[in-house]
Amino acid sequence: MKNIQMSRRAFGASLAAVGAFAIIGRAAPSFAAPIALRLSSSLPSDPNSAHWLWYDKFQSALKAKVGDAIQIQYFPDNQLGKEADIVGQVKLGIVDMMISGSSIWGTLAPEVGVLDLGYLFDNMSAAGPVLDGNAGTVLNGIFADKIGVEVLSWAYSFGGRNIAARKPANTPELLKGQKIRVLPVANFVATLQAMGAAPTPMSLGEVYTALQTGVIDGMEHDAPTILALKCYEVAKHISLTQHICNPQTIVIGKRALSKIPAETLPAFKEAAAEATAFQRGKANDIETAAFATLKKNGIETHEVDRAAFKKLVQPLWNDFATKYPATKPVLDAIVKA
């Protein structure tokens, strides 16, 4: 009898243990591992960098919305590779996200080069509303269908591109024949050529020495970049051509997008929109501050007859739309705006 009672007590204890285990198992929360997304940039981690400013706001807005569920790992200064390589890696899912000027994506879909045409926009601020509307919808479709990636947002460059040179270039006659460094992109070259310059594609890292030694007469870029490169030491004139106002593009690969749970995706996209609004709002102030510093360093600025340059460049629009008909709605939306 004693043995039977002991067996019953042992059996009861076992049942209690199993029950407790079951309760604990049901009550224990399941913690999903954080999703880590790698974001590539060619620019430095600097408060005046168009890329850094967007990323910094994005990651803080995202954390406020989803905590540590999604973590953005930022790789500035081409740490993951050159832009020309990263565009393909985002497409393949090797790199998750990329922020860059829109131009580099023209290597995978030449239609994107429509944004590199000269004098599309009067200034950078005019580009945003157009890209948020029908023109952006068409371009987003080109990214999705022809490249296989999604545009999260269209942010701003910190000002339009002007010509910094060793002498003024504020009329077609003064610009004629000047060797101006351009981004090695087809419509940059075509635009500067139509304006009268002798466009000279080269790496940005070579520009200072090329100016110093007279290999080129000038360069074209936004004011913060001209300041960062210290080109004011060797090129004392900035002609305010504002000839190209192309945006910064934030892109995510389809594989990376699929990692984000459906219930979290709206918050992810809201954080991107907040970052874009914030970055755009700071662009004019940063450009103005850069010009003030450039002037303190001896730069002389020159107003430009933009209408005269635009007249020379505008035929390129029709040529491009004829070659790439998918871009005609983009140009129509810009002209309408």
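Residues numbered from 1 in each chain as written. Predicted model: local features only at pLDDT ≥ 70, side-chain atom pairs only at ≥ 80, totals over all residues. Heavy atoms only, no water.

> Describe the side chain of His243, with residues and values.
By the element assignment, His243 lies in strand 9 (residues 237-244). At 2.9 Å, the side chain of His243 and the side chain of Glu220 are in polar contact. Sequence-distant contacts of His243, that is, excluding residues within four places in its chain, are made with Leu117, Gly118, Tyr119, Arg161, Asn162, Ile163, Leu192, Met195 and Glu220. (Helix = DSSP H or I, 4+ residues; strand = E, 2+ residues; numbered from the N terminus. Polar contact = N/O pair within 3.5 Å; in protein donor to acceptor, adjacent residues only side chain to side chain. Contact = heavy atoms within 4.5 Å.)

> Give me the lowdown on the sheet that holds strand 4 (residues 149-155), citing residues and values where you can.
Strand order in the open sheet formed by five strands is 2-1-3-10-4, and the pairing between neighbours is mixed. Lying at the two open borders of the sheet, with one neighbouring strand each, are strand 2 (70-75) and strand 4. Direction aside, the axes of adjacent strands within the sheet are offset by 25° on average. Sheet analysis places strand 1 (residues 35-40) next to strand 3 (residues 97-101), joined by two bridges and oriented parallel. In the sheet register, Ser40 faces strand 3, and the bridge partner there is Met98. (Pairing = 2+ DSSP bridges. Axes fitted to C-alpha atoms, helices over the stretch in contact; angles between N-to-C directions.)

> Please set out the sheet that holds strand 5 (residues 161-165) residue by residue, giving values where relevant.
Taken in spatial order, the six strands line up as 7-6-8-5-9-11 in an open sheet, and their pairing is mixed. Every other strand in the sheet has two partners, leaving strand 7 (198-201) and strand 11 (300-302) as the edge strands with one partner each. Mean inter-strand twist for the sheet, computed between neighbouring axes without regard to direction, equals 35°. The sheet strands contacting helix 7 (residues 186-195) are strand 5, strand 6 (179-182), strand 7, strand 8 (218-221) and strand 9, and the helix crosses strand 9 at an angle near 120°.

> Mind laying out the side chain of Gln178, listing which residues take part and the relevant values?
Structurally, Gln178 can be placed in the loop between helix 6 (172-175) and strand 6. The class for Gln178 is buried, based on a relative accessible area of 2%. Ignoring anything within four residues of it in the chain, the contact list for Gln178 reads Ala165, Lys167, Pro168, Ala169, Ala197, Ala198 and Asp217. (Buried < 20%, exposed > 50% of the residue type's maximum accessible area, 1.4 Å probe, protein only.)

> Just give me the short version of the packing of helix 12 (residues 306-313) against helix 13 (residues 315-323), but keep the residues and values in it.
Where helix 12 contacts helix 13, the axes come no closer than 5 Å and their chain directions differ by 30°. One finds that helix 12 runs roughly parallel with respect to helix 13. Along its contact with helix 12, which presents Lys310, Lys311, Leu312 and Val313, the element helix 13 presents Pro315, Leu316 and Trp317. A class-by-class count of the residues in the contact of helix 12 with helix 13 yields five nonpolar, no polar and two charged. (Parallel < 35°, antiparallel > 145°, perpendicular 65-115°, else oblique. Nonpolar A, V, L, I, M, F, W, Y, C, P; charged D, E, K, R; others polar.)

> How would you explain the pattern of salt bridges if you had to name every residue and give the values?
For the coordinates displayed, the defined rule picks out 10 salt bridges. Between Glu150 and Lys269 there is a salt bridge, with its nearest N and O atoms 2.9 Å apart. Here Lys269 lies in helix 11 (residues 265-296) and Glu150 lies in strand 4, a separation of 119 residues in the sequence. On the accessibility criterion, Glu150 (26% relative accessible area) is partly exposed. Within this structure, Lys65, Glu270 and Glu274 form a network of salt bridges that share partners. (Salt bridge = Lys/Arg side-chain N within 4 Å of Asp/Glu carboxyl O.)

> Tell me about helix 3 (residues 83-92), and please be specific about residues and values.
Buried within helix 3 we find Ile86, Val87 and Val90. Buried residues of helix 3, viewed axially, fall in a sector of 105°; they line one side. Facing away from the buried side of helix 3 by more than 90 degrees, the exposed set consists of Ala84 and Leu92. Each element contacted by the buried residues of helix 3 is listed here: strand 1, strand 3, strand 4 and strand 10 (248-253). Positive phi appears at Gly93, one or two residues downstream of helix 3, with a value of about 90°. (Arc of directions from axis to C-beta.)

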